[in-house]
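Structural overview
For reference, the chains in residue letters:
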Amino acid sequence: IRSSRTKFVAINDDFSNYFINFQEIDLQHLQELFHYGGGFEVGLPSIHLIIKTVLGDISPFLLLLIYTLLISLFFLRFYLKNYNHQIKPIYRGLFLAFFISFMPYSIFGQITRQSFSTAFFLTAIFYHKSQRKFYIYCFLSVIFHLSSVILIPIFLISKNWRSYSS
């Protein structure tokens with residue numbers, strides 16, 4: 001049911017705005033990189049520029065498919081790197097089947113920037129022992145969505161509080 005949700009329902013639909021940005025961006029119109037978040041959220045427009053440079057003009061549905069694949073692969077990579085060893089081998093295939101079956105793919109068209117930001121922030125958390133990697137992933141998270149700026153100090157304070165109280 002979720003995957004059959006119609007896109008371009010309203011002119012101000014998030015994906016409509018993302019696709020307009022995709023259509024307008026190219027090497028001659030680099031100002032479109034600074035379209036979101038007061039010019040700070042350059043992550044998604046940068047992906048648009050890369051996709052457009054490699055594939056040219058594509059349909060909105062192909063762009064949505066690319067978003068979905070990138071975000072899904074990032075979350076799947078995150079799971080495999082951090083949790084796969086905790087699941088018995090017999091259940092790993094079942095997990096993958098559930099992941100593929102129940103992932104709300106159509107939502108990535110509406111929360112694309114937030115999804116990329118979340119994926120990078122989750123990765124940053126697991127690299128917190130390496131300050132360099134932690135801050136690189138935090139930076140990537142912030143350039144996709146500024147709301148992650150709030151999460152970084154919360155994570156650092158809670159990490160320090162846990163080590164202090166132990």
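Provided above is the structure to which this section pertains.
Worth saying up front: this structure is predicted, and the values here are computed from it rather than measured.

Reading guide: rules and limits
- Residues numbered from 1 in each chain as written.
- Predicted model: local features only at pLDDT ≥ 70, side-chain atom pairs only at ≥ 80, totals over all residues.
- Heavy atoms only, no water.
- Helix = DSSP H or I, 4+ residues; strand = E, 2+ residues; numbered from the N terminus.
- Buried < 20%, exposed > 50% of the residue type's maximum accessible area, 1.4 Å probe, protein only.
- Contact = heavy atoms within 4.5 Å.
- Patch = residues over 30% accessible without salt bridge, like charges linked within 9 Å, V, L, I, M, F, W, Y side chains within 5 Å.
- Areas by Shrake-Rupley, 256 points an atom, 1.4 Å probe, with all protein chains shown as cover.
- Salt bridge = Lys/Arg side-chain N within 4 Å of Asp/Glu carboxyl O.
- Core = buried A, V, L, I, M, F, W, Y, C linked by side-chain atoms within 4.5 Å.
- Phe/Tyr/Trp six-rings, centres within 6.5 Å; stacked < 30°, edge-to-face > 60°.
- Lys NZ or Arg CZ within 6 Å of the ring centre and 35° of its normal.
- Axes fitted to C-alpha atoms, helices over the stretch in contact; angles between N-to-C directions.
- Parallel < 35°, antiparallel > 145°, perpendicular 65-115°, else oblique.
- Left-handed = near helix turned anticlockwise from the far one by under 90°.
- Nonpolar A, V, L, I, M, F, W, Y, C, P; charged D, E, K, R; others polar.

Brief notes about the overall build of the protein chain
Helix and strand counts for the protein chain come out as seven helices and zero strands. Tracing the protein chain from N to C terminus, the helices and strands come up as α-α-α-α-α-α-α. Looking at the protein chain as a whole, 40% of its 166 residues are labelled buried. In the protein chain, once contacts between residues fewer than 6 apart in sequence are set aside, the share between residues at least 24 apart is 62%.

Digging into a nonpolar patch on the surface
Residues I50, V54, L55, L62, L65, L69 and L73 make up a contiguous nonpolar surface patch of about 670 Å² in total accessible area. Elements represented by at least two residues in the nonpolar patch include exactly α2 (43–55) and α3 (60–82). Residue contributions to the nonpolar patch peak at four residues, all from α3. When you line up the elements, L69 lands in helix α3. With a relative accessible area of 46%, L69 lands in the partly exposed category.

Topic: the nonpolar core
Within the largest apolar cluster, 31 residues are counted, with the highest numbers of intra-cluster contacts made by F15, I51, L63, Y67, F116 and F144. The set of elements that each furnish at least two residues to this core consists of α1 (14–24), α2, α3, α5 (112–126), α6 (131–144) and α7 (148–165). A total of seven residues in this core trace back to one element, the largest contributor, which is α3. Leaving out residues up to four positions away in the same chain, F144 has contacts with E41, G43, L44, I47, R113, F116, S117 and F120.

Side note on the packing of aromatic side chains
In this description, an aromatic ring pair is defined by two values, namely the gap between the centres and the angle between the planes. Using the criterion set out here, one finds 12 aromatic pairs in the structure. Ring centres of F134 and Y135 lie 5.0 Å apart, and the angle between their planes is 80°; this geometry places the pair in the edge-to-face category. Taking NZ or CZ as reference, K52 lies 5.5 Å from the ring centre of F22, over its face. The ring centre of F74 lies 5.9 Å from the NZ or CZ of R77, which sits over that ring.

Focus on the packing of α3 against α5
Two elements in contact, α3 and α5, have axes whose closest approach is 10 Å; the angle formed by their N-to-C orientations is 20°. Put simply, α3 runs roughly parallel to α5. For the element pair α3 and α5, the recorded crossing hand is left-handed. Taking contact as the criterion, the partners of Y67, L70, I71, F74, F75, F78 and N82 in α3 are, on α5, T112, S115, F116, T118, A119, F120, L122, T123 and F126. Residues belonging to the contact of α3 with α5 are distributed by class as follows: 11 nonpolar, five polar and no charged.

A short note on the environment of F74
Structurally, F74 is set in helix α3. Here the alpha-carbon distance between F74 and A119, two residues 45 residues apart in the chain, equals 6.6 Å. Once residues within four sequence positions are removed from consideration, F74 is found in contact with A119, F120, T123 and Y137.

Here's the deal with the pattern of salt bridges
Summed over the entire model, instances satisfying the criterion amount to two salt bridges. When the shortest N-O distance is used, the salt bridge between E41 and R113 registers 2.2 Å. Of this pair, E41 sits in the loop between α1 and α2 while R113 sits in helix α5, and the two are 72 residues apart along the sequence. Given the relative accessible area of 4%, E41 is considered buried. Between K52 and D57 there is a salt bridge; the shortest N-O distance is 3.2 Å. Residue classification places K52 among the buried positions, given a relative accessible area of 13%. The class of D57 is exposed, set by a relative accessible area of 64%.

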